[in-house]
Amino acid sequence: MVNQRWLRIIPLALIMYTIAYVDRTNVSLSLDPTISTMMRDLAMDDKMKGTAAGIFFFGYMLLQIPGGILASRWSARKTISICLVVWGAFATGCGLAQTFGQFEWMRFFLGLSESAIFPATTVLLTQWFPRTERARANSLWLLCQPLAVAGTAPVSGLLLDQYGWRTMLVLEGILPFVCLPFWWFFIRDHPREAKWISAEEHSQLEKTLLRETADQEPALPVSLWSRLFQPSIFAMILLYFLHNCAAYGCIYFFTTSLGGRNFNGLEKGFLLALPYALTAVLMLLNSWHSDKTGERRGHVAIAYLVSGISLILSVLTKDIFWLSYTFLCFAIPGPFVAMCPFWTIPAETLPKNLVGLVVGLINAFGSGCGGFAGPYIVGWLKNEYHSTDIAFNLLGAGMLLNVALIYVVPKSKSRKPLPLPNELIEPL
């Protein structure tokens, strides 16, 4: 019984959001003209490629704030269930597009249909996992991002080689419909609604979460606008913008940077998968140590520092292919490794009724705008200079700027001893 939260909530959240990230991986491979005919079929150049990859994030930013509020005040479980249906329809539609314009609209509405999922899942985890467990809970859920690439890139590459980009996108677009019944019947919004945990664990969890919520409330009433217009929130938005510029600018142009080696789709899939497999390991180690020490900002800063330096070094060593590729393998993990401790900070420094709104706000502007700007800028610069060198240097500089920005963000409050017995707070 003591592991049921970890065995029910986390695996389903991981699988659900992994499926969401499959459509980033398969489009990245589909847009590589050396292994796919998509760019030729839809008459795209590199600038249009960046637009097609990035327009997803215009839609993605629109429902972040409403999604966070809806999950907090209504139901995270129901909000995500609705999203699963709609995003499955548009993910399939991407494979049926016959023109560049149709593909753009499908990508835009796909982003819109996925936009409430991140804040809703963040809210769900704060309702199930106390502060001492939250970075690990976040890391296990957010493993979806590297796992989606590491696990599906070779499969997507093989489908691309065998059946073409249309069939690949349609087949992988059906996955949300497969996930929906499991999500609906196995997930509950609060411990008090679940029949599969003991009365003791339910009581202790509710007491612990209520005490943590009370600790974060200000001593005197503060207006909503005063809470929102803080330098730290603007710093988190800018930080997350640069974070996503690097994450998505790299993934959509990663295989392009491997040019000149005549790799086929399956081989490029494995080359794309390797740095994301490394990412998964580093995410778990960083989040475990962050929870153990209770420190957040330093764990974020070191991830950005290694990423920024490695990305710039990958450009400087581009004439030595495998050395440059090795640096890329250490550059890719940074944004993902930083996410786990980063997303614990709003929940540990803000009142509970503000967490969903702020998470939605940060993810809307940071992920939405950054997710569009990264691929667009890389595509535009590559179109102008026929190389990703300048773009990757800019993305690396953004990672280094984030090392400073994280220290504008408030420090998480010191943790108090929890009344939970050890066996209730240690997963597996």
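Keep in mind it's a predicted model, so treat the numbers as computed, not measured. (Residues numbered from 1 in each chain as written. Predicted model: local features only at pLDDT ≥ 70, side-chain atom pairs only at ≥ 80, totals over all residues. Heavy atoms only, no water.)

Caption draft 1: Looking closely at the packing of aromatic side chains. The full count for this structure, using the stated rule, is 16 aromatic pairs. On the numbers, 5.3 Å between centres and 20° between planes, the contact of phenylalanine 90 with phenylalanine 109 is stacked. Note that phenylalanine 90 is positioned in helix α5 (residues 64-96) and phenylalanine 109 in helix α6 (residues 100-114), a separation of 19 residues in sequence. Residue phenylalanine 90 is classed as partly exposed on the basis of its relative accessible area of 23%. With centroids separated by 5.8 Å and ring planes inclined at 70°, the aromatic side chains of tyrosine 276 and phenylalanine 336 adopt a geometry described as edge-to-face. (Phe/Tyr/Trp six-rings, centres within 6.5 Å; stacked < 30°, edge-to-face > 60°. Helix = DSSP H or I, 4+ residues; strand = E, 2+ residues; numbered from the N terminus. Buried < 20%, exposed > 50% of the residue type's maximum accessible area, 1.4 Å probe, protein only.)

Caption draft 2: Layout of the packing of helix α1 (residues 4-30) against helix α7 (residues 117-126). Axis separation between α1 and α7 bottoms out at 12 Å; the angle between their running directions is 175°. Judged on the interaxial angle alone, α7 and α1 are roughly antiparallel. Only Ile117, Phe118, Thr121, Leu124 and Leu125 of α7 make contact with α1, whose side of the interface consists of Ile9, Ile10, Ala13, Met16 and Tyr17. Classifying every residue of the contact of α1 with α7 by side-chain character gives nine nonpolar, one polar and no charged. (Axes fitted to C-alpha atoms, helices over the stretch in contact; angles between N-to-C directions. Parallel < 35°, antiparallel > 145°, perpendicular 65-115°, else oblique. Contact = heavy atoms within 4.5 Å. Nonpolar A, V, L, I, M, F, W, Y, C, P; charged D, E, K, R; others polar.)

Caption draft 3: Structural view of the confidence of the model for the chain. Scored by pLDDT, the chain comes out at a mean of 80, with 88% of its residues at no less than 70. By mean pLDDT, the top-scoring element of the chain is helix α16 (residues 297-316) (92), and the lowest-scoring one is helix α22 (residues 422-425) (41). (pLDDT = per-residue confidence, 0-100.)

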